[in-house]
Amino acid sequence: MRARRLRSMLRIGQPWMPVPVLILICAQLWAVPQVKPIGPGLYAYISDNDSSANSTFLVGNKGILVVDTGFDSAEGTKLLRAIRGVSSLPIEFIVNTHYHRDHQGGNTVVGPAAVVISTDWTRQRTLQVIQSSPAQEASLYETAEVTFADKLTVHLDPYTAEVYFPGKAHTSGDALVYFPSQRAIAMGDLFLNTSSPAMDAGSAENWIHALDEALARPLDAVVPGHFDLATKKELQRFRDYLNDLFAQVEALFEKGATLEEIRRGIHMEKYNDFRQYPQYHATFADNAETIYQQLQQH
Ligand SMILES: [Zn+2]
């Protein structure tokens, strides 16, 4: 129906369609990833595919560092094309924020010669995933050559990237990347813009602490794992969502509520504009359930 409407709009001899409207329609039909400069040498790559993660790349004097590479070779190719639109320098480093495929499936395409960096935990978890995946899928993964427990600094002359593990959050081994000169941060899936997140085996309680710690830094740009580029304002709202939900689940849990009572008993109307994804176990009630399970393990 959309195509037919477009065809009728494009019919020659219909001068009533203003050019800006046509451009808008075309932009919607053929969505492309966006590259946004967010500081000296630093760019956010906002994916046009919700199932494939955003990336961040830093262009130094001699080489490039990339944070996350997308779901597969096709998404990695799109990312590499976008990077090449900015610089032809070699991709020297790739940081994978965590083991989920939509963040590292493009590694082999984006940086076959790059040094891949992750937390120790993410490398171990990735090896498990490779062992349990069919050969074709397993070949997408290029595990980290450099791993760290707490913190690692990449000196990409004249800039630096501070890669750190904020404790368990979305998974048990997420890495965040802070760019001090650019006052920017790549959050991986610790932050989805205006969305309830998927919660893997991590810690919602420490996740909130990690967000508070990030919010305490000088920050002008915040790159979420998925969806639009953000500022502190959206990061703060996401933190408030998690904090409100955690407080409600904890109060119900302490009163002895059952899982079903907790799933039905939460009040998250303030966040009605948030996306929810039942297919990824990522609704308000699903998040409440994960928090409940984590409280039970205490
Ligand atoms: Zn994830």
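Just above, that's the structure.
Figured I'd write up the structure that's included with this text. (Residues numbered from 1 in each chain as written. Predicted model: local features only at pLDDT ≥ 70, side-chain atom pairs only at ≥ 80, totals over all residues.)

### Examining unusual backbone geometry
Following Asp157, the chain continues to Pro158 via a peptide bond in cis, the omega torsion being 5°. Locating Pro158 in the fold gives a position in the loop between β8 (151–156) and β9 (159–164). The backbone phi angle of Phe227 is positive, close to 75°, even though this residue is not glycine. Among the secondary structure elements, Phe227 is positioned in the loop between β12 (221–223) and α9 (232–254). We classify Phe227 as partly exposed; it has 17 C-beta atoms within 10 Å. (Helix = DSSP H or I, 4+ residues; strand = E, 2+ residues; numbered from the N terminus. Buried ≥ 20, exposed ≤ 12 C-beta atoms within 10 Å, placed from the backbone.)

### Quick look at the sheet that holds β12
Taking strand neighbours across the sheet as the criterion, the five strands line up as β8-β9-β10-β11-β12 in an open arrangement whose pairing is mixed. Among the strands making up the open sheet, the edge pair consists of β8 and β12. With strand direction ignored, the average angle separating the axes of adjacent strands in the sheet is 15°. Taken together, the three bridges between strand β10 (residues 176–179) and strand β11 (residues 184–186) define a ladder with antiparallel strand orientation. Across the sheet, residue Val177 finds its bridge partner in β11, namely Ala186. (Pairing = 2+ DSSP bridges. Axes fitted to C-alpha atoms, helices over the stretch in contact; angles between N-to-C directions.)

### Some thoughts on the environment of Asp68
Position of Asp68 among the secondary structure elements: in the loop between β4 (64–67) and α3 (73–84). Placed 29 residues apart in sequence, Asp68 and Thr97 show a C-alpha to C-alpha distance of 6.5 Å.

### Describing the nonpolar core
Val177 and Ile185 are the most contacted members of the largest nonpolar core, which has 62 residues in total. A per-element tally of this core places α9 first, with seven residues. (Core = buried A, V, L, I, M, F, W, Y, C linked by C-beta atoms within 7 Å.)

### Considering the sheet that holds strand β3 (residues 55–59)
The mixed open sheet is built from seven strands, whose spatial order is β1-β2-β3-β4-β5-β6-β7. The strands lining the two open edges of the sheet, one partner per strand, are β1 (34–39) and β7 (146–148). Taken over all neighbouring pairs, the strand axes of this sheet differ in orientation by 20° on average, direction set aside. Docked against the sheet, helix α6 (residues 120–131) engages β6 (115–119) and β7, running at close to 105° with respect to β6. (Contact = placed C-beta atoms within 7 Å.)

### A look at the packing of α9 against helix α11 (residues 284–297)
At a minimum axis separation of 10 Å, α9 and α11 run at an interaxial angle of 55°. As summarised for this structure, α9 and α11 are arranged oblique, according to the angle between their axes. Classified by chirality, the crossing of α11 by α9 is right-handed. For the pair formed by α9 and α11, the contact residues are Leu245, Phe246, Val249, Glu250 and Phe253 on the first element and Phe284, Asn287, Ala288, Ile291, Tyr292 and Leu295 on the second. Taken together, the residues that form the contact of α9 with α11 break down as nine nonpolar, one polar and one charged. (Parallel < 35°, antiparallel > 145°, perpendicular 65-115°, else oblique. Left-handed = near helix turned anticlockwise from the far one by under 90°. Nonpolar A, V, L, I, M, F, W, Y, C, P; charged D, E, K, R; others polar.)

### What to know about the environment of Asp150
Counting through the fold element by element, Asp150 comes out in the loop between β7 and β8. Linking Asp150 and Asp120, residues 30 residues apart in sequence, is a C-alpha distance of 9.3 Å. Look past the residues within four positions of Asp150 in its chain and what remains in contact with it is Tyr164 and Phe165.

### What about the pairing of β9?
Along β9, the buried face is formed by Tyr159, Ala161 and Val163; none of Thr160, Glu162 and Tyr164, which line the opposite face, is buried. With six bridges connecting them, β8 and β9 associate as antiparallel partners. Among the inter-strand pairings, Val154 is bridged to a residue of β9, identified as Ala161. Hairpin connection from β8 to β9: two residues lie between these consecutive antiparallel strands. Relative to β10, β9 is paired through three bridges, and the arrangement is antiparallel. Within β10, the position partnered with Tyr164 by the bridge is Leu176.

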